[in-house]
Amino acid sequence: MSLRIKTLEDYHDAYKASVDNPEKFWEEQAETFTWMKRWDKVLEWDFHMADTFWFIGGKLNITVNCLDRHLETKGDQTALIWEPNEPGSEGKKLTYQELYNEVCRFANALKNIGVHKGDRICFYMPMVPELMIGILACARIGAIHSVVFAGFSANSLADRIKDATCKVIVCTDQNSRGPKISPIKLIVDEALAMGCDSVEKVIVLSHTGGGISWNNHRDLWWHDIMDKQSTTCEPVMMDSEDPLFILYTSGSTGKPKGVVHTIGGYMVYVWYSFLNVFQYKDGDIYWCTADIGWITGHSYIVYGPLLSGATTVMFEGIPSYPDPSRFWQICEKYKVNIFYTAPTAIRSLMAAGDKYAQGHNLSSLHVLGTVGEPINAEAWHWYHEHIGKGKIPVVDTWWQTETGGILISPIAGITDMKPCYASYPMPGIQPILVDIYGNEIEGNDVEGLLCIKFPWPSIIRTTYGDHGRCREIYFNVFPELYFTGDGARRDEEGRYRIIGRVDDVINVSGHRIGTAEVENAINEHPLVVESAVVGYPHDIKGQGLYAFVISRENVHDLNTFQKEINEKLTILIGPIVKTDIILIVSGLPKTRSGKIMRRILRKIAEGDLSNLGDISTLFNPEIVDEIIAKSKSLV
Ligand code: PRX
């Protein structure tokens, strides 16, 4: 079976082969790589127990496949192009050989300070080459990386460090993103003061040269520990099912959970999906604008491209700085061929006006991609017309932190595109729609809850430290299925359109936000008795946060109140989470057992009052009229 899908027929053949005999199909893909010992068995799985094992008994090191494997033929090829925040500052380019050398040096440095196989290392840093070097160095010596997006607060960082009992933190002095500087090291210090007892060392990269505090017993400069390190480091032999990384993500309940991916299966799937979805060809310049703090950055800035021997671009800044033409300037500067971004970025650049895209030579582009949230038709067409000049494919890729790689997406230029549709499943992916009782919804032109009925190599293995939670959230909602938490529609021809989350997760600007976390933070405000947060359609962000709040006293100045609430969210979660609308109410609609009926609040927030459903069973049905009247007064 060909590894590369080059025609529509190839896609159908690959899909059929992957369903008829998944083990054989994935075994053939895995043979591309260097294994220190071949696997004994391809797959064992039991969805009921949330257990999946791929390439059992196989031994390898993923960095051998990302780096060593390319040295002979591509040692001088650029592996990484780094574009800094300030357009005038000098960027960096690292060849495969240079990246290999740096990874080995940092791997040796980590070993020197006592990092061993299985230790957890937290990265809290901006998009700088050292972040890529650092996580690959962990993989080289078998340490598990846990990257925390540098926009999270000290509280969120501390929660994640404690949950994974990290031994080392790697950070920068400061972070410069757009016009803002943030005090990364000071935030780390603040987090560590919250009782992160497992942390022995903090490695600090001098990035802006800005002010920091220092603890002589604990803190180390990156450049000091790298000094005189050898540029070779023996790769540690890892088991296919050893963890590669932990990445925290929000769910409907409780604190964010640490999604665990393991080495062998993740490696095979992110490589296979990268090559095929984007139709990457040797020599192409590929740019994914995500942050490595999210799964998109892990799979499609670092691992997928490097496993494929690609040239991957990494950008430190934001699309609007210094002005909304920055993305297009970068595309022109590096002659980017494949460009992958989020619908929120597209919507905000579209709103800024066409003039920013005009005047840039975008003729190098041949594939465009989107990820992270549903893309509306207007944004899809703008992207296709204004950036792709109506000529090149747009791949709307659907996947999740838990899926490790892209599961449903057009194959660029090969399977057809339909605006707003992630379209057809990748080979190896068997989607199914079910109703709320778990009954399969068959046929086409239907809608339901999206599940997957057979494991693929990069499926979530566990939630760190709590396998029961993994079972409960993903595998035991519907028997024998992986439940995605998304609702989807299947059209007449079998294409999938992702409608959005059906649980209490809100997708704001492509960031996954759990309502429980937001409510807990809002409830910390001294005036708040109780709150309920739902999403509502927002022109730029996709969804905005609408908070219904019961206050202890009359709120006279709603603007100040909202500012205070947003400050609480900044402190407790991070500046990426802010309420867009606050409605003060005297009660929340509840069932007789005391559960908030979010369905009703969601409808009110959406302004869809036509069908609120049966409210007679509520404990306090009278509150609904009050909330509706107040919500109307906001408009
Ligand atoms: O609701 C879906 C939405 O993002 C969720 C996953 O978020 P996260 O784990 O942060 O990963 C984002 C990057 C892979 C999904 O459950 N989502 C992701 N991609 C799409 C999407 N919704 C619609 N269309 C997409 N292409």
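Residues numbered from 1 in each chain as written. Predicted model: local features only at pLDDT ≥ 70, side-chain atom pairs only at ≥ 80, totals over all residues. Heavy atoms only, no water.

Draft legend 1. Inspection of the UniProt feature "domain: AMP-dependent synthetase/ligase" (unreviewed entry) in the protein at higher detail. In the numbering adopted here, UniProt assigns the feature "domain: AMP-dependent synthetase/ligase" (unreviewed entry) to residues 68-455. Regarding residues 68-455, the helix share stands at 31% and the strand share at 22%, and the terminal C-alpha atoms are separated by 30 Å. (UniProt positions renumbered as here; feature names shortened; annotations may be inferred. Helix = DSSP H or I, 4+ residues; strand = E, 2+ residues; numbered from the N terminus.)

Draft legend 2. How the structure looks around the packing of aromatic side chains. Counted under the stated rule, the structure contains 42 aromatic pairs. For the ring pair Phe274 and Phe278, a centre distance of 5.8 Å and an interplane angle of 55 degrees mean the geometry is tilted. A relative accessible area of 0% means that Phe278 is categorised as buried. A connected cluster of aromatic rings, assembled from ring pairs, spans Trp45, Phe47, Phe454, Trp456, Tyr474, Phe475 and Tyr482. One cation-aromatic arrangement involves Arg160 over Phe152; the distance from NZ or CZ to the ring centre is 4.2 Å. Sitting over the face of the ring of Tyr421, Lys418 holds its NZ or CZ atom 4.3 Å from the ring centroid. (Phe/Tyr/Trp six-rings, centres within 6.5 Å; stacked < 30°, edge-to-face > 60°. Buried < 20%, exposed > 50% of the residue type's maximum accessible area, 1.4 Å probe, protein only. Lys NZ or Arg CZ within 6 Å of the ring centre and 35° of its normal.)

Draft legend 3. Structural detail: the layout of surface pockets. Taken as a whole, the second largest pocket encloses approximately 260 Å³ of empty space. Residue lining of the second largest pocket: Asn155, Ser156, Asp159, Arg160, Gly254, Lys255, Pro256, Glu517, Asn520, Ala521, Leu572 and Ile573, and that is the complete set. Counting residues per element, the ones that place at least two in the lining of the second largest pocket are helix H6 (154-163) and helix H15 (515-522). For the lining of the second largest pocket, the element with the most residues is H6, which contributes four residues. (1 Å grid on protein atoms, 1.4 Å probe; cavity = no way out; pocket = protein on both sides within 12 Å on 5 of 7 lines; lining within 4 Å. Points joined across faces, edges and corners; volume = space filled by probe spheres on them.)

Draft legend 4. Broad picture of empty space enclosed by the protein. Tallied over the full model, the rule gives one cavity of 30 Å³ or more. Estimated volume of the largest cavity: approximately 40 Å³. Looking at the largest cavity, the residues that line it are Val147, Val148, Phe149, Phe152, Arg160, Leu247, Tyr248, Gly293 and Trp294. Among the residues making up the lining of the largest cavity, the classes are represented as seven nonpolar, one polar and one charged. (Nonpolar A, V, L, I, M, F, W, Y, C, P; charged D, E, K, R; others polar.)

Draft legend 5. Highlighting the site of the ligand. Lining the immediate surroundings of the ligand are 17 residues, of which Asp396, Thr397, Thr401, Asp486 and Arg512 lie closest. Contact between the ligand and Asp486: an oxygen atom at 2.7 Å from a side-chain N or O atom of the residue. If you list the elements that add at least two residues to the shell around the ligand, you get helix H10 (295-307), strand S20 (394-397) and strand S25 (496-501). Grouping the amino acids of the shell around the ligand by side-chain chemistry returns six nonpolar, six polar and five charged. (Near = heavy atom within 4 Å. Polar contact = N/O pair within 3.5 Å; in protein donor to acceptor, adjacent residues only side chain to side chain.)

Draft legend 6. Just the sheet that holds strand S30 (residues 581-585), in detail. Taking strand neighbours across the sheet as the criterion, the three strands line up as S28-S29-S30 in an open arrangement whose pairing is mixed. Edge positions in the sheet fall to strand S28 (528-538) and S30, since each has one partner strand and no second. This sheet shows a mean twist of 25 degrees between the axes of neighbouring strands, independent of strand direction. When S28 meets strand S29 (residues 542-551), the two strands line up antiparallel, connected through ten bridges. Residue pairing for S29: Pro537 is matched across the bridge by Gln543. Taken strand by strand, H15 contacts S28 and S29, and its axis lies near 135 degrees from that of S28. (Pairing = 2+ DSSP bridges. Axes fitted to C-alpha atoms, helices over the stretch in contact; angles between N-to-C directions. Contact = heavy atoms within 4.5 Å.)

Draft legend 7. Highlighting the side chain of Asn276. Position of Asn276 relative to the elements: it lies in helix H9 (residues 263-277). Polar contacts involving the side chain of Asn276 include one to the main-chain amide nitrogen of Ile5, which spans 2.8 Å. Setting aside its immediate chain neighbours within four residues, Asn276 contacts Leu3, Arg4, Ile5, Ile411, Ala412 and Met426.

Draft legend 8. Quick look at the sheet that holds strand S11 (residues 201-205). Overall, mixed pairing links the eight strands, which are arranged S12-S11-S8-S6-S7-S14-S15-S23 in an open sheet. Each edge of the open sheet carries a strand with a single partner, namely strand S12 (219-221) and strand S23 (462-463). Pairing geometry for strand S15 (residues 257-262) and S23, over two bridges, is antiparallel. Along S23, the bridge assignment pairs Val260 with Thr462. Relative to strand S8 (residues 168-172), helix H7 (residues 184-192) is tilted by about 150 degrees, and along the sheet it contacts strand S6 (120-124), S8, S11 and S12. Packed onto the sheet, H10 meets strand S7 (144-147), strand S14 (243-249) and S15 and runs at close to 140 degrees relative to S14.

Draft legend 9. Just the packing of helix H3 (residues 62-74) against H10, in detail. As a packed pair, H3 and H10 sit with axes 8 Å apart at the nearest point and diverge in direction by 55 degrees. The angle between H3 and H10 falls in the class oblique. Here the hand of the crossing between H3 and H10 comes out left-handed. Of the residues in H10, those touching H3 at Ile62, Asn65, Cys66, Arg69 and His70 are Tyr303, Leu306 and Leu307. Tallied by class, residues from the contact of H3 with H10 come to five nonpolar, two polar and one charged. (Parallel < 35°, antiparallel > 145°, perpendicular 65-115°, else oblique. Left-handed = near helix turned anticlockwise from the far one by under 90°.)

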